[in-house]
Amino acid sequence: MNRIAVPLFLILLVAGTASGWLGPYPLATSPGDDINPSACKEWVQGEHTCLVWQTDSAGNWDVHSRFCGLENGNGWMDELPVASGPLDEIMPAVCAVFDPDTWMPRDEFWCVWERRDTPDYGSIWAARGTADSGWIRLDSLAITSSGPGDTAAPSVISIGGQNRDTVWVVWHDVDTNGHRIDCMFWDGMLWSSRQTIHAEHAPLKHIRVGRRHSWSMGEWPFVVWEKTGDIFFSENRDGFWTQPEQVAPSAAQDREPEIVNLLGGWYATGPWITWTSERDGDTAVFGTAHDTFTIARRWCDTACAGRNWSPCGTVAWFTTDWEPVVTLAVSDRNGNPDIYDCYSEYYDWPVDTHPSIDINPTLTTLGYVDATTLCWACWQSDRSGNWDIYGSFFYNTGVEENGARAGDGLRL
């Protein structure tokens, strides 16, 4: 089992909040604005996880990264560029690559983003890297058309099991017929041809890719998106994308869907979908129950005023709870946007309530089942006078020690 630097964590534990989140700590070290953070949105059961973001430290938008390990205190390694140059590199996303037979990470990562070639056109790019060697491969995938002020906003996930050694990338595109969701996948050697998952005239927004799982079929890609205030999904089990189905239908506005990706192997569970909804008459975070996508439950405090939006989530199996989901959201209940851990419909815990603007949260879990585990919450904040990336973590050393953690606020 990987051992963590206990003395530093004991010091940090004293400084932690009552919720159990320790921090926040600045994570972007370059000058200028740092925005749109994206972490591996899953439980990476291995040695490292990864965070990527946009930075304008060189005068235009580039993509930077940091890898994080379990050792040496909080484990963050040096900041590394992923993509830079005279054109804007925007909206990055990252995932860890999982072995198709063992469902364990290979300590390998793929980062995807959009390069804005002109105000009307862009291109999807991908880079492969490791914590030891940095970013060692750069691929151009496809040309996109999204128009001024819009973006392809690519999303990425690794699919393992049943010879599905693939990395799937999905993005938004626009043509004369309307809006499309397109995708490509990496089969371990080559990128596939471009496929269209779904197309229609209505705007398709906030497209995210994740994974589903069954014992007989292994894992397969799963995509959610927002259309005219409703949430839809499609999946690819046998090489074909299914017709879109609606998630937890409601007459109210549902927006900003995110997938809480399942775990592979014998302890596979989920996935869940979380999103922002106005179905209770306010702006709150909702989620599905397991993989029953017709059921919705409120995932934020009913007693608190204010709006709650931009949800994200990850799995963290700290306990034997059937639904080991950690979810974050932005809330303005205290008068300005803050980051909250959405514990349940009865109680939330603050992650960061500094009197600044805190937005765009992302989550990742790093570690091993019943062993050392870190859950990192990262977000964008203007507390330093410009936009920077901050992070707080929750540390756990096994199920048997869960009752001794600082606070009891995580939805675990």
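Above this text is the structure in question.
Residues numbered from 1 in each chain as written. Predicted model: local features only at pLDDT ≥ 70, side-chain atom pairs only at ≥ 80, totals over all residues. Heavy atoms only, no water.

A.B. asks: When you look at the overall build of the chain in this model, what are you seeing that I'm missing?
C.D. replies: Tallying secondary structure elements over the chain gives one helix and 29 strands in all. Here the chain, with 412 residues, has 61% of them falling under the buried criterion. Sequence separation of at least 24 residues holds for 53% of the intrachain contacts in the chain that already meet a minimum separation of 6. (Helix = DSSP H or I, 4+ residues; strand = E, 2+ residues; numbered from the N terminus. Buried < 20%, exposed > 50% of the residue type's maximum accessible area, 1.4 Å probe, protein only. Contact = heavy atoms within 4.5 Å.)

A.B. asks: Any chance you could explain the nonpolar core here in plain terms?
C.D. replies: Note that soluble globular proteins tend to have their nonpolar side chains buried in a common cluster. The biggest cluster of nonpolar side chains holds 22 residues, and the ones touching the most others in it are Phe222, Val247, Ile273 and Trp275. Secondary structure elements with two or more residues in this core: strand S16 (218-227), strand S17 (230-235), strand S19 (254-260), strand S20 (272-277), strand S21 (284-289) and strand S24 (325-331). Here Ile273 is in contact with Phe222, Val224, Val247, Pro257, Glu258, Phe286, Gly287, Thr288 and Phe293, once residues within four sequence places are set aside. (Core = buried A, V, L, I, M, F, W, Y, C linked by side-chain atoms within 4.5 Å.)

A.B. asks: Would you explain the sheet that holds strand S23 (residues 308-315) in this entry?
C.D. replies: Through backbone hydrogen bonds, the strands of a sheet pair up, either in parallel or in antiparallel fashion. Taken in spatial order, the four strands make up an open sheet running S23-S24-S25-S26, and their pairing is antiparallel. On the outer flanks of this sheet lie S23 and strand S26 (349-352), each paired with one strand and no other. Put simply, the sheet's adjacent strands are angled 30 degrees from each other on average, direction ignored. (Pairing = 2+ DSSP bridges. Axes fitted to C-alpha atoms, helices over the stretch in contact; angles between N-to-C directions.)

A.B. asks: Just to check I follow, could you spell out the pairing of S20 for this structure?
C.D. replies: The side chains of a regular strand alternate, residue by residue, between the two faces of the sheet. Across the six residues that make up S20, a large majority, six, are buried. Of the two faces of S20, the one carrying Trp272, Thr274 and Thr276 and the one carrying Ile273, Trp275 and Ser277 are both buried. Sheet topology note: the S20/S21 ladder contains four bridges and is antiparallel. Looking across to S21, one finds that Trp275 is bridged to Phe286. Once S20 ends, the chain turns through six residues before running back antiparallel as S21, passing Gly281 with a positive phi of about 90 degrees.

A.B. asks: Before we go on, may I ask you to explain the environment of Asn360 in this structure?
C.D. replies: Of note, Asn360 is situated in strand S27 (residues 358-367). You can call Asn360 partly exposed: its relative accessible area is 26%. A sequence separation of 18 residues divides Asn360 from Cys378, and the C-alpha atoms of the two residues are 8.3 Å apart. Excluding residues that lie within four positions of it along the chain, Asn360 makes contacts with Asn36, Pro37, Val330, Cys378, Trp379 and Gln380. A distance of 3.4 Å separates the side chain of Asn360 from the side chain of Asn36, its partner in a polar contact. A distance of 2.7 Å separates the side chain of Asn360 from the side chain of Gln380, its partner in a polar contact. (Polar contact = N/O pair within 3.5 Å; in protein donor to acceptor, adjacent residues only side chain to side chain.)

A.B. asks: Please explain the sheet that holds S21 as it appears in this structure.
C.D. replies: Pairing is antiparallel in the open sheet, where four strands are placed in the order S19-S20-S21-S22. In the strand order of this sheet, the two ends are held by S19 and strand S22 (292-298), each with one partner. Adjacent strand axes in the sheet meet at a mean angle of 30 degrees when their direction is disregarded. Judged from the five bridges that link them, S19 and S20 form a sheet pairing that is antiparallel. Bridging from a neighbouring strand, Glu258 pairs with Thr274 of S20.

A.B. asks: I would appreciate a short explanation of the pattern of salt bridges in the present structure.
C.D. replies: Side-chain pairs of opposite charge can arise whenever the charged atoms involved come near each other. Counted by the stated rule, this structure contains 22 salt bridges. As a salt-bridge pair, Asp348 and Arg333 come within 2.9 Å of each other at their nearest N and O atoms. On the criterion of sequence distance, the pair formed by Asp348 in the loop between strand S25 (338-341) and S26 and Arg333 in the loop between S24 and S25 is long-range, its members being 15 residues apart. Comparing Asp348 with Arg333 shows no difference in burial state: the two are buried. Among the charged side chains, a salt-bridge network with shared partners connects Asp173, Asp175, Arg180, Asp182 and Arg194. (Salt bridge = Lys/Arg side-chain N within 4 Å of Asp/Glu carboxyl O.)

A.B. asks: Honestly, the environment of Ala126 in this entry has me stumped. Any pointers?
C.D. replies: Looking at the element boundaries, Ala126 is found in strand S9 (residues 121-130). Residues Ala126 and Pro92 lie 34 residues apart in sequence; the distance between their C-alpha atoms is 9.4 Å. If we skip the residues at most four places from it in the chain, Ala126 touches Trp110, Cys111, Val112, Trp113, Arg137, Leu138, Asp139, Leu141 and Trp191.

Worth remembering: the numbers are spatial, not functional.
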